[in-house]
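Coordinate inspection notes
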Amino acid sequence: MSKQDLKKVLLMGKSGAGKTSMRSIIFANYVARDTTRLGATIDVEHSHVRFLGNLVLNLWDCGGQEAFMDSYFETQRDHIFRNVALLIYVFDIESADYAADVRYYKSCIEAIEQNSPHAKVFCLIHKMDLIADELREQALTERSDQVKSLCENVDVRCFGTSIWDETLYRAWSQIVYALIPNVQVLEKQIKQFAEVTCADEVVLFERATFLVIAHVSIKEHGDAHRFEKISNIVKQFKLSCGKVQSQFQSMEVRNSNFTAFVDQFTANTAVMIVQSDPIIQPSATALNIKLARAHFEDLIRHTAGVPQ
């Protein structure tokens, strides 16, 4: 494997912010209720997560205890912050020591600017479920504005997240999307596929995590977070299948308004096709998926930088 295939991702934030819990849900098939068994991260935990074939996330989960955080900026500064493709900083929305959060976050941004000036930066305002429903949007906006004001020279994307709903999948889908090279080429081909199959929408998911990689919508839809909700639902269904020694392959959901097909697509992806035209036969859609597999397998291989 060449170095170019590795994307170094730093996952940072104070101890107890929820970093390891979200990583375990997305990449290690934990359910939210089981994350209470996870202990605090000691120093740095490294993991390689294969994503779309040869694209590998070199994930550094950095312990957030004060002694470790100080060492990252003093004795390990170059080692931690060199060659970073993406920084994820996690804020606990109800942190008892927000001043310390701000101090460590500013130190992270400074170190990134010095050692990896082209790295992308994401901030996850986590544990939003602890805020009352009617106050969440305002709380997220205020905290996001505060975070962005701390580093005006850096383009920071903020997301509110919780391990208890689809917001976690929305944020991590955007994070992974930012790391996939030439993803626009993939999106263009998905649009053509949607037109050929007379689909209202086509969504491409990463097969193991069920994070959204790319999608195209031919018709407008009112729910902006529907894909992440589907990611969450299908991931939970897959885990349930595994508990009874069954393997998820495909599913079809039909009502009077639409038919949705979710099927394994390529070696590393699953596809969802939504159609509202009642004339289209399910067998025709299944055949189109089958015929498109080889083309998209080759396309994803090139998009993700996978050698032949």
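We now turn to the structure provided with this report.

The rules we used
Residues numbered from 1 in each chain as written. Predicted model: local features only at pLDDT ≥ 70, side-chain atom pairs only at ≥ 80, totals over all residues. Heavy atoms only, no water. Core = buried A, V, L, I, M, F, W, Y, C linked by side-chain atoms within 4.5 Å. Buried < 20%, exposed > 50% of the residue type's maximum accessible area, 1.4 Å probe, protein only. Helix = DSSP H or I, 4+ residues; strand = E, 2+ residues; numbered from the N terminus. Contact = heavy atoms within 4.5 Å. Axes fitted to C-alpha atoms, helices over the stretch in contact; angles between N-to-C directions. Parallel < 35°, antiparallel > 145°, perpendicular 65-115°, else oblique. Nonpolar A, V, L, I, M, F, W, Y, C, P; charged D, E, K, R; others polar. Pairing = 2+ DSSP bridges. Salt bridge = Lys/Arg side-chain N within 4 Å of Asp/Glu carboxyl O.

This part is about the nonpolar core. Counting residues in hydrophobic clusters, the biggest one holds 49 residues, and the most contacted among them are I88, L124, W172 and V202. The dominant element in this core, judged by the number of residues it contributes, is helix 6 (residues 167-177), at six residues. With near-sequence residues (within four places) excluded, V202 lies in contact with I190, F193, A194, A214, H215, V216, V271, M272 and I273.

All right, on to the packing of helix 1 (residues 19-27) against helix 6 then. In contact at an axis separation of 11 Å, helix 1 and helix 6 are set at 80° when each is read in the N-to-C sense. Considering their axes alone, helix 1 and helix 6 lie roughly perpendicular with respect to each other. Of helix 6, the residues touching helix 1 (which contributes M22, I25, I26 and F27) are L168, Y169 and W172. Per-class residue counts for the contact of helix 1 with helix 6 are seven nonpolar, no polar and no charged.

This part takes up the sheet that holds strand 2 (residues 44-51). Across the sheet, which stays open at both edges, the six strands sit in the order 2-3-1-4-5-6 with mixed pairing between neighbours. One side of each edge strand has no neighbouring strand; the edge strands of this open sheet are strand 2 and strand 6 (156-161). On average, adjacent strands in this sheet sit at an angle of 20° to one another, irrespective of strand direction. Across four bridges, the pairing between strand 1 (residues 6-12) and strand 4 (residues 86-92) is parallel. Residue pairing in the sheet places L10 in a bridge with L87 of strand 4. Helix 1 rests against strand 1, strand 2, strand 3 (55-62), strand 4, strand 5 (120-126) and strand 6 of the sheet, and its axis sits at about 155° to strand 3. Seen against the sheet, helix 6 touches strand 1, strand 2, strand 3, strand 4, strand 5 and strand 6 and runs at an angle of roughly 155° to strand 6.

Moving on, we come to the pattern of salt bridges. Here the structure, examined in full by the defined rule, presents 10 salt bridges. Among the ionic pairs, R23 bridges to E45, the shortest N-O distance being 2.9 Å. With R23 in helix 1 and E45 in strand 2, this residue pair connects regions lying 22 residues apart in the sequence. Using a relative accessible area of 34% as the deciding quantity, one classes E45 as partly exposed. A salt bridge links R293 to D263; the nearest nitrogen and oxygen atoms lie 3.4 Å apart. In this pair, R293 is assigned in helix 9 (residues 282-303) and D263 in strand 10 (residues 259-264), connecting sequence segments 30 residues apart. With relative accessibility at 26%, the residue R293 sits in the partly exposed group. The buried category is assigned to D263, whose relative accessible area is 15%.

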